[in-house]
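Descriptive analysis of the structure
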Amino acid sequence: MDVEGYARRNLKRGRASQDIISDLADRIVEIKGISREYALSFAKAVLVEVTATSDFTSDILTYEKAGVTMGAFGVGSRGTGDFYAHRKIAEIIGKSGATVGVEDMDDAGVVQAGGQFIVCTVDGMHSRLSDFPYLAGFHVTRATLRDCYVMGARPVMLFSDIHVADDGDVAKIFDYTAGVTTVGELTGVPLVSGSTLRIGGDMVIGDRMTGCVGTVGVADHITARRQAAPGDLLLMTEGAGGGTIATTALYYGYQDVVDRTINLTFLRAADAILKSDLLGSIHAMTDVTNGGLRGDVHEMAKTAGLRFIVEEEAVQGLVDPDVYRMLMDLEIDPLGVSIDALLIIAEPDVISKAKALLSDIGVTSSVIGRVEEGRAEPVLMRNGKEEEFNPRFREAAYTPLKKLVEKEQQDFESMKKEVDRAAQAAIAKKMRVIERLMS
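Residues numbered from 1 in each chain as written. Predicted model: local features only at pLDDT ≥ 70, side-chain atom pairs only at ≥ 80, totals over all residues. Heavy atoms only, no water.

Another point: the overall build of the chain. Counting its regular elements, the chain contains 16 helices and twelve strands. Relative to a compact globule of 439 residues, whose C-alpha radius of gyration would be 22 Å, the chain shows 23 Å and is just as compact. Along the three orthogonal principal directions, the C-alpha set of the chain runs to about 75 × 55 × 45 Å. In the chain, which comprises 439 residues, the proportion classed as buried is 48%. If you take every contact in the chain between residues at least 6 apart in sequence, the share linking residues at least 24 apart comes to 80%. Summed over all atoms, the accessible surface of the chain reaches about 20600 Å², with 52% contributed by carbon and sulfur. (Helix = DSSP H or I, 4+ residues; strand = E, 2+ residues; numbered from the N terminus. Rg over C-alpha atoms; globule rule 2.2 N^0.38 Å. Buried < 20%, exposed > 50% of the residue type's maximum accessible area, 1.4 Å probe, protein only. Contact = heavy atoms within 4.5 Å. Areas by Shrake-Rupley, 256 points an atom, 1.4 Å probe, with all protein chains shown as cover.)

Shown next as structure tokens:
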């Protein structure tokens, strides 16, 4: 619970200070199990700090509010709202001079230094794995390594940032780190640095955990999405999912499926590709994560400016059977959820060789589609007919709570206008401060 946010909201509603302090103390006692006397002192101190930091008018200390919440806009939910917000972030950053920058909406960023491509990527742990720190650390590390590999880079180090709320057990950071280093040690990529903090310091109570793991890699040839070309085929490997599938399994009571996600199949496959002489002939690679194929193919088509056609039947055979059965039981779209498969985009002869190479190391793969000239769009072939293959507002609802949230309809177009306004205000502020500091 964010006690600072609670106090701010209630002050804005015009509630009396004593009422806010009393109610907040009740919640503090409930969560922290401390005396009422101490809780009242705690609540009073919170109110003093919140009052002292309210009603600022300085440009630096205020921001243009969009009036649209993260949840309502679907930020982090790997759908159209999330993709839209990320494109706004790219606008705020602007042209960075990177070889592959945020405007490319790719899996990682790339700069050149010392004659090599330096690749950097970071992934946040799955928010619903707070109570399962080892799983959280394991899956986020796989995710960041995947993003590095699919840019054609060899990972050379990992970094970690872990935040646990004030009442969380210290052991969470240890179990999380064990999950991170399990993957790191098995792939030969060391965890070299990081940060460990409390979420919100004293102002967030409870035991929530969040964090991220990043990777730095080096490459001689990059496989960015924009390099896809007409005539290319899409080769996809088998996938059993990662943090998202593990979360689905946990919160729907399919604990046995969690074990299916504990594997290094993707990393073995990507490593084999990088060590082969095929890498220089591969146009692009990605991992099937962001909103599933629906999200990734949509973003690839947009970035490459080409038509991407996906065969639904071919994809179904590449989802782990136990995972697929669970998704079907729960009426979750396998095309709209992260399954952590490797997607390789290249000319047919290269795809044929890549498929053979993967088979030699025991990794199943199949051609699931092709790239064509034409309007930049994703297309799904279902029962021999072309259908739209766009991402939904949020990725497929994969927990009971997400299914409830998904039913809440929002006016996306109206929200976009407010988000645009707030993004433009942030750009204007950046330019004002830059101008001031340069004068």
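Picking up where we left off.
Here we come to the pattern of salt bridges. Summed over all chains, the structure comprises 31 salt bridges. Two residues, Arg-432 and Asp-59, come together in a salt bridge whose shortest N-O distance is 2.8 Å. You can see Arg-432 sitting in helix α16 (residues 412-438) and its partner Asp-59 sitting in the loop between α3 (36-52) and α4 (70-73), a full 373 residues away along the chain. Residue Asp-59 is classed as partly exposed on the basis of its relative accessible area of 31%. One salt bridge connects Arg-87 with Glu-299, and the closest N-O pair in it is separated by 2.9 Å. (Salt bridge = Lys/Arg side-chain N within 4 Å of Asp/Glu carboxyl O.)

The next subject is the sheet that holds strand β2 (residues 116-124). Taken in spatial order, the five strands make up an open sheet running β1-β2-β5-β3-β4, and their pairing is mixed. Strands with a single pairing partner mark the edges of an open sheet, and in this sheet they are β1 (109-113) and β4 (191-198). Here the average twist between neighbouring strands, direction ignored, is 20°. In terms of strand pairing, strand β3 (residues 154-164) meets strand β5 (residues 209-219) through ten bridges, oriented antiparallel. Bridged to Ile-162 within β5 is Gly-211. Where helix α7 (residues 171-187) meets the sheet, its contacts fall on β3, β4 and β5, and the angle it forms with β3 comes to roughly 170°. (Pairing = 2+ DSSP bridges. Axes fitted to C-alpha atoms, helices over the stretch in contact; angles between N-to-C directions.)

Further remarks concern the packing of aromatic side chains. Under the criterion given, the structure shown has six aromatic pairs. Ring centres of Phe-73 and Phe-412 lie 5.3 Å apart, and the angle between their planes is 35°; this geometry places the pair in the tilted category. With a gap of 339 residues between them, Phe-73 in helix α4 and Phe-412 in helix α16 connect regions that are remote in the sequence. The pair formed by Phe-73 and Phe-412 is uniform in burial state, with each residue classed as buried. Ring geometry for Phe-132 and Tyr-251: centres 6.5 Å apart, planes at 80°, overall edge-to-face. (Phe/Tyr/Trp six-rings, centres within 6.5 Å; stacked < 30°, edge-to-face > 60°.)

Looking now at the side chain of Thr-248. Along the chain, Thr-248 falls in helix α8 (residues 243-251). Among the residues examined, Thr-248 registers a relative accessible area of 0% and is labelled buried. Setting aside anything within four residues of it in sequence, one finds Thr-248 in contact with Met-326, Leu-330, Ile-332 and Tyr-398.

This paragraph deals with the environment of Arg-294. Within the secondary structure layout, Arg-294 lies in helix α11 (residues 292-304). With relative accessibility at 9%, the residue Arg-294 sits in the buried group. Considering only alpha carbons, one finds Arg-294 and Val-337, 43 residues apart in sequence, at a separation of 8.2 Å. Look past the residues within four positions of Arg-294 in its chain and what remains in contact with it is Asp-333, Leu-335, Gly-336, Arg-382, Phe-389, Asn-390, Pro-391 and Arg-392. Only 2.7 Å separates the side chain of Arg-294 from the side chain of Asp-333, close enough to count as a polar contact. From its side chain, Arg-294 meets the backbone oxygen of Asn-390 in a polar contact 3.3 Å long. (Polar contact = N/O pair within 3.5 Å; in protein donor to acceptor, adjacent residues only side chain to side chain.)

It is worth spelling out the packing of α8 against helix α13 (residues 321-329) at this point. Where α8 meets α13, the axes come as close as 11 Å, and the angle between the chain directions of the two elements is 60°. Looking at the two axes, α8 sits oblique to α13. Crossing of α8 over α13 shows left-handed handedness. Along the contact surface, α8 presents Ile-245, Thr-248 and Ala-249, while α13 presents Val-323, Met-326 and Leu-327. In terms of residue class, the contact of α8 with α13 is built from five nonpolar, one polar and no charged. (Parallel < 35°, antiparallel > 145°, perpendicular 65-115°, else oblique. Left-handed = near helix turned anticlockwise from the far one by under 90°. Nonpolar A, V, L, I, M, F, W, Y, C, P; charged D, E, K, R; others polar.)

Moving on: α3. With 17 residues, α3 ought to run about 24 Å at 1.5 Å a step, and its terminal C-alpha atoms sit 24 Å apart, in line with that. When α3 is considered as a whole, its buried residues turn out to be Ala-39, Phe-42, Ala-43, Val-46, Leu-47 and Val-50. Buried residues of α3 fall within an arc of 135° about the axis and therefore sit on the same side. Exposed residues pointing more than 90 degrees away from the buried face of α3 are listed as Glu-37, Tyr-38, Val-48 and Ala-52. For α3, the secondary structure elements touched by its buried residues are α1 (3-12) and α2 (17-32). (Expected span 1.5 Å × (residues − 1). Arc of directions from axis to C-beta.)

What follows concerns helix α14 (residues 348-360). Along an α-helix, a turn takes 3.6 residues, which lines up residues three or four apart on a common side. Counted at 1.5 Å a residue, the expected span for α14 with its 13 residues is 18 Å, and the 19 Å between its end C-alpha atoms agrees. Every buried residue belonging to α14 is among Val-350, Ile-351, Ala-354 and Leu-358, and all of these are buried. Looking straight down α14, one finds its buried side chains confined to an arc of 100°; they lie on one side. Opposite the buried face of α14, by more than 90 degrees, sit the exposed residues Lys-353 and Asp-360. In this fold, the buried residues of α14 make contact with β6 (233-237), α10 (265-275), β9 (342-346) and β10 (365-372). Remark: Gly-362 follows α14 within two positions and exhibits a positive phi of approximately 85°.

Let us look at the side chain of Lys-416. Relative to the helices and strands, Lys-416 is located in helix α16. Those residues within four positions of Lys-416 in sequence are excluded, and the remaining contacts are Phe-73 and Tyr-84.

These values are about where atoms sit, not about what they do.
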